[in-house]
Amino acid sequence: MTAKKKKVMLLPGDGIGQEVMAQVVRIMEWMDQAGMASFELMAGKIGGSSIDAFGEPLTDETLADCLSCDAVLMGAVGGPKWDDVPFDKKPERGLLRIRKDMGLFANLRPALVFEELAEASTLKREVVAGLDIMIVRELTGGIYFGQPRGIETLPNGDRKGFNTLVYTTPEIQRIGRVAFDLAMKRNKRVTSVDKANVLESTILWREEMEKVAKDYPGVELSHLYVDNASMQLVRNPKQFDVMVTTNMFGDILSDCASMLTGSLGMLPSASLGATDAAGHRNALYEPVHGSAPDIAGKNLANPLAMILSLAMMLRYSFDMDAAADRLENAVKATLSDGVRTGDIMQEGATKVGTSGMGDAVLRHLAAG
Ligand code: NAD
């Protein structure tokens, strides 16, 4: 296959971000050599490594490079080394800025339980085996970005901290459409999560979701309050197909859903922007986990979340479903062989390090 080169920006970031990204690069190079895809790779810094090099967590130049690419792959940011830098220069600010400036308003977090790892969950096997949910979180609006915000000292000397939860109809409708489009390709069910019994902004959220649903007659829409949703997610998670929710609720619910699967080291994510007139859509793919300073630099990190993020990139940015399936099947075959990093280790399995896991996936990819 000799299609146009796919320009991909690599931002390994900090800690284990560097190690897991190295395994993904090996896979992309293999795909290139095998003629499955043709990548043009660029690399840059984000988070602590960017602070060390340039004094800020994301430079304008790196952001411009990201915007010039077809997709961005990111590792993770942060670590104790940068705990004391000022708030607006923290590694995590680089992450917030890239999401905002690339217009990445939709965060897709699948919670998928591989059959081989059902025992790794703290929940009973029958509750999680075969779980396949997609959580769609609004990522650039809501209380994390709303103005006014701040901490003030009142005339009586007390201090006041405040944030603003605000959503507009276009913001709600575009995230709704992402969720419904995904549901069309899945089990055709969307659960919208809000707190419409208390918050006006989410009364609007619920009303707008109902409007979007009219354009998708084949998809069933239901609504849950966030407190009930968090309870249902633990009680009977398999009832859900696609969940769509606000920035802060999504932040919390998606972490809860991750833990149903047993390991942070297995969970990929995608953050998508709007599709422009030329058909281009900004997109960033990253594992859900952080930089894991406790195991960084020791060849202990599980690279599968990063590798599965590459599979999401192939599927959602490049429409390469066959290549994505082949990569995901290579991951499944590796797990079936009993190959495990420490975080997902089970009795009788073969323990490997980060690069050993990369070797095993590459072997199955080549065989597949
Ligand atoms: P973390 O995800 O880095 O680690 C939590 C625990 O899970 C640790 O014990 C770690 O060893 C383990 N773990 C995580 N990923 C793993 C993997 N791939 N393989 C094996 N084990 C894995 O979360 P944390 O410890 O709360 O945060 C560490 C740093 O990462 C902080 O600076 C935090 O701000 C940052 N962080 C960044 C992101 C991101 O870049 N998207 C996300 C979360 C946290």
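Cut-off values and rules
Residues numbered from 1 in each chain as written. Predicted model: local features only at pLDDT ≥ 70, side-chain atom pairs only at ≥ 80, totals over all residues. Heavy atoms only, no water. Helix = DSSP H or I, 4+ residues; strand = E, 2+ residues; numbered from the N terminus. Rg over C-alpha atoms; globule rule 2.2 N^0.38 Å. Buried < 20%, exposed > 50% of the residue type's maximum accessible area, 1.4 Å probe, protein only. Contact = heavy atoms within 4.5 Å. Salt bridge = Lys/Arg side-chain N within 4 Å of Asp/Glu carboxyl O. Expected span 1.5 Å × (residues − 1). Domains from an automatic or database assignment. Buried area = accessible area lost by both parts, 1.4 Å probe. Near = heavy atom within 4 Å. Polar contact = N/O pair within 3.5 Å; in protein donor to acceptor, adjacent residues only side chain to side chain. Areas by Shrake-Rupley, 256 points an atom, 1.4 Å probe, with all protein chains shown as cover. Nonpolar A, V, L, I, M, F, W, Y, C, P; charged D, E, K, R; others polar. 1 Å grid on protein atoms, 1.4 Å probe; cavity = no way out; pocket = protein on both sides within 12 Å on 5 of 7 lines; lining within 4 Å. Points joined across faces, edges and corners; volume = space filled by probe spheres on them.

**Student:** Help me understand the overall build of the protein chain, please; the structure alone is not making it clear to me.
**Tutor:** What the protein chain contains, in helices and strands, is 12 helices and 14 strands. Here the C-alpha atoms of the protein chain give a radius of gyration of 21 Å, agreeing with the 21 Å that 2.2 N^0.38 yields for 368 residues. Each of the three principal axes of the protein chain carries a C-alpha extent, and together these read 65 × 50 × 45 Å. When the 368 residues of the protein chain are sorted by exposure, 51% land in the buried category. By sequence separation, contacts in the protein chain at least 24 residues apart represent 74% of the contacts at least 6 residues apart.

**Student:** Before we go on, may I ask you to explain the pattern of salt bridges in this structure?
**Tutor:** Where charged atoms from two side chains of opposite charge approach closely, those side chains can pair. Summed over the entire model, instances satisfying the criterion amount to 17 salt bridges. Here Asp255 and Arg109 are joined by a salt bridge, their closest N and O atoms 2.9 Å apart. Of this pair, Asp255 sits in helix α9 (residues 247–260) while Arg109 sits in strand β4 (residues 106–112), and the two are 146 residues apart along the sequence. For Arg109, a relative accessible area of 10% corresponds to the buried category. When salt bridges that share partners are traced, they join Asp60, Arg97 and Asp101 into one network.

**Student:** It is not clear to me how helix α1 (residues 16–33) should be interpreted in this structure. Could you clarify?
**Tutor:** Structurally, the α-helix is built with 3.6 residues per turn, so residues lying three or four positions apart point the same way. Taking 1.5 Å per residue as the helical rise, α1 with its 18 residues ought to reach 26 Å, and the 26 Å between its terminal C-alpha atoms agrees with that figure. For α1, the set of buried residues is Ile16, Gly17, Glu19, Val20, Met21, Gln23, Val24, Val25, Ile27, Met28, Trp30 and Met31. Lining the buried residues of α1 we find β1 (6–13), β2 (39–43), β3 (71–76), α10 (304–316), α11 (321–336) and α12 (354–367). Phi turns positive, to about 75°, at Gly35, one or two residues after α1.

**Student:** It is not clear to me how unusual backbone geometry should be interpreted in this structure. Could you clarify?
**Tutor:** A negative phi angle is the norm for most residues apart from glycine, just as the trans form is the norm for most peptide bonds. Residue Gln147 is joined to Pro148 through a cis peptide bond whose omega torsion reads 0°. Here Pro148 lies in the loop between β5 (132–138) and β6 (150–153). At Lys188, a position not held by glycine, the phi torsion is positive, near 60°. Along the chain, Lys188 falls in the loop between α6 (169–184) and β8 (189–194). The residue Asn299 is not glycine, and still its phi comes out positive at about 60°.

**Student:** How should the domain arrangement of the protein chain be read in this particular structure?
**Tutor:** Where the parts come together, the accessible area they lose is often given as the size of the interface. Along its sequence, the protein chain is carved into domain 1 (1–105 + 273–368) and domain 2 (114–263). Between the C-alpha centres of domain 1 and domain 2 the distance comes to 24 Å. Every contact between the two is made by 18 residues of domain 1 and, on the other side, 17 residues of domain 2. Interface area for domain 1 against domain 2, summed over the two sides, is near 1500 Å², with a carbon-plus-sulfur share of 67%. For the domain 1 face of the interface with domain 2, the top three residues by lost area are Lys100, Phe105 and Leu335, together amounting to 37%.

**Student:** Looking at this structure, how should I read the site of the ligand?
**Tutor:** Taken together, 21 residues lie around the ligand, and Val77, Glu92, Gly290, Ala292 and Asn302 are the ones closest in. Take Glu286: an N or O atom from its side chain is 3.5 Å from a nitrogen atom of the ligand. With respect to the ligand, the backbone of Ser291 contributes an N or O atom lying 3.1 Å from an oxygen atom. Computed on the free molecule, the ligand has an accessible area of 800 Å², of which 67% lies beneath the protein chains in the complex. Considering only residue class, the shell around the ligand consists of 10 nonpolar, seven polar and four charged.

**Student:** Help me out: how do you make sense of the layout of surface pockets in this one?
**Tutor:** It is the rolling of a water-molecule-sized probe over the atoms that shows where space remains empty. One number sums up the size of the largest pocket: a volume of about 990 Å³. Lining the largest pocket are 35 residues, with Met134, Leu182, Met312, Arg315 and Tyr316 sitting closest to its centre. Of all the secondary-structure elements, those providing two or more residues to the lining of the largest pocket are β4, β5, α6, β11 (268–275), α10 and α11. Broken down by element, the lining of the largest pocket gets its largest block of residues, five residues, from α11. Looking at the lining of the largest pocket residue by residue, the classes come out as 15 nonpolar, five polar and 15 charged. When residues of the lining of the largest pocket are assigned to domains, at least three map to each of domain 1 (1–105 + 273–368) and domain 2 (114–263). Counted as a void, the second largest pocket has a volume near 660 Å³. At the level of secondary structure, the elements contributing two or more residues to the lining of the second largest pocket comprise β3, α4 (91–101), β4, α9 and β12 (281–287). When residues in the lining of the second largest pocket are grouped by element, the largest group, five residues, is from α4. In terms of residue class, the lining of the second largest pocket is built from 11 nonpolar, seven polar and 10 charged. Split by domain, the residues of the lining of the second largest pocket number at least three in each of domain 1 (1–105 + 273–368) and domain 2 (114–263).

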